[in-house]
Amino acid sequence: MTMTLLQAWQSAKTRLEAVGLVGPVIDARLLVEAAADATRADIVTDPHRPLTPEQESRLSDYVSRRERREPVSHILGRKGFWKVMLAVNADVLTPRPETEVIVDYVLKQFPEQMAFNILDLGVGSGAIILSILAERPAAKGLATDISDEALAVARENAANLGLASRVAFARGDWTAGLADESFDVIVSNPPYIASDVIETLDPEVKHFDPRLALDGGPDGLDAYRALAPEIMRVLKPGGLFAVEIGYDQKDAVEALFNAAAASDVWTIKDLSTHDRVVVGVKNPLETRK
């Protein structure tokens with residue numbers, strides 16, 4: 001008996017519910033759409049459309065992978081972020097909605113036609129810098145990452161979004177080799193989870209996100225200790241920075257940036273009202289003693 005789109009969705013949802021997954025309705029719909037080459041509208045307007053045997057087999061495979069807690073983004077090889085669609089795989093952190101706080105903040109600081117240059121440290125899939133460049137046609141950027149595999153994903157995303165001519169990619173450890181006072185804005189979503197906490201995370205994160213993108217050292221703050229003085233070094237006077245943090249790291253990270261002579265340091269909350277992004281500026285009027 002052939003399965004219809006509606007039956008496929010209900011069956012996938014039931015299987016995902018049975019293993020205790022949170023949000024099975026949306027996951028099931030996304031997997032059905034991908035397996036059956038259908039859109040959300042198709043499921044609503046043509047619910048009795050039959051799946052081909054190949055589509056049924058593909059869906060069963062997708063649902064089995066999700067039952068084993070593989071993220072939907074890995075199964076489909078893509079993830080929506082801000083207003084762009086990104087290719088993702090096991091070599092990069094799957095972009096999270098809370099990281100959009102950085103994009104929102106930066107876009108509000110720069111009018112649409114303004115030219116500026118942006119640095120993204122630990123670029124991963126390219127989510128942050130590419131979302132910003134996509135909406136700021138006069139801006140240019142540089143993105144660094146320690147992982148060649150991550151850079152390959154980010155380059156693919158830049159090309160797919162028509163942004164390859166406005167962003168350069170470099171393999172390197174944070175700001176190594178970059179000149180003083182070179183950037184108008186610096187963004188980063190560094191690894192910030194304490195090493196011994198990683199084992200307590202959801203399987204989707206613990207088993208499928210790259211450890212390099214998660215592990216922030218014994219207290220989760222290793223990256224910020226390195227980044228705070230370096231960000232202030234390569235930021236132009238009057239330039240601004242925005243870095244993502246863990247929900248309980250506001251005071252520690254603000255203190256590191258204040259110690260590195262940043263000005264107007266404060267923290268933006270995400271939609272879940274967790275402290276999420278520390279921002280600040282390099283004071284253009286500061287005189288060296």
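Just above sits the structure.
Residues numbered from 1 in each chain as written. Predicted model: local features only at pLDDT ≥ 70, side-chain atom pairs only at ≥ 80, totals over all residues. Heavy atoms only, no water.

Draft legend 1. Geometry of the packing of aromatic side chains. On inspection of all chains with the given rule, the structure shows three aromatic pairs. Relative to Trp 266, the ring of Tyr 105 has its centre 6.2 Å away and its plane inclined at 80°; by these criteria the two rings are edge-to-face. Of the two residues, Tyr 105 sits in helix α6 (residues 100–109) while Trp 266 sits in strand β8 (residues 263–269), which places them 161 residues apart along the sequence. A relative accessible area of 12% means that Tyr 105 is categorised as buried. Looking at Trp 266, the relative accessible area reads 41%, which means it is partly exposed. With a centroid separation of 4.0 Å and 20° between ring planes, the pair formed by Phe 110 and Phe 116 is classed as stacked. Each member of the pair Phe 110 and Phe 116 is classed as buried. (Phe/Tyr/Trp six-rings, centres within 6.5 Å; stacked < 30°, edge-to-face > 60°. Helix = DSSP H or I, 4+ residues; strand = E, 2+ residues; numbered from the N terminus. Buried < 20%, exposed > 50% of the residue type's maximum accessible area, 1.4 Å probe, protein only.)

Draft legend 2. Representation of helix α8 (residues 148–160) within the structure. Compared with an ideal rise of 1.5 Å per residue, which puts 13 residues at 18 Å, α8 spans 18 Å between its outermost C-alpha atoms and is within 8% of the ideal. Listed as buried for α8 are Ala 150, Leu 151, Val 153, Ala 154, Asn 157 and Ala 158. Viewed along the axis of α8, the buried residues span an arc of 160°, placing them on a single side of the element. Contacts made by the buried residues of α8 are with β2 (84–87), α7 (127–135), β4 (140–145) and β5 (167–171). A side-chain oxygen of the first residue of α8 lies 3.3 Å from the backbone nitrogen of Glu 149; this N-cap is Ser 147. (Expected span 1.5 Å × (residues − 1). Arc of directions from axis to C-beta. Contact = heavy atoms within 4.5 Å. Polar contact = N/O pair within 3.5 Å; in protein donor to acceptor, adjacent residues only side chain to side chain.)

Draft legend 3. The arrangement of the sheet that holds β4 in detail. Judged by pairing direction, the sheet is mixed, and its seven strands sit side by side in the order β5-β4-β3-β6-β7-β9-β8 without closing on themselves. The sheet is open, and its two edges are formed by β5 and β8, each paired on a single side. Direction aside, the axes of adjacent strands within the sheet are offset by 15° on average. Pairing geometry for β4 and β5, over five bridges, is parallel. The partner of Ala 143 across the bridge, within β5, is Phe 169. (Pairing = 2+ DSSP bridges. Axes fitted to C-alpha atoms, helices over the stretch in contact; angles between N-to-C directions.)

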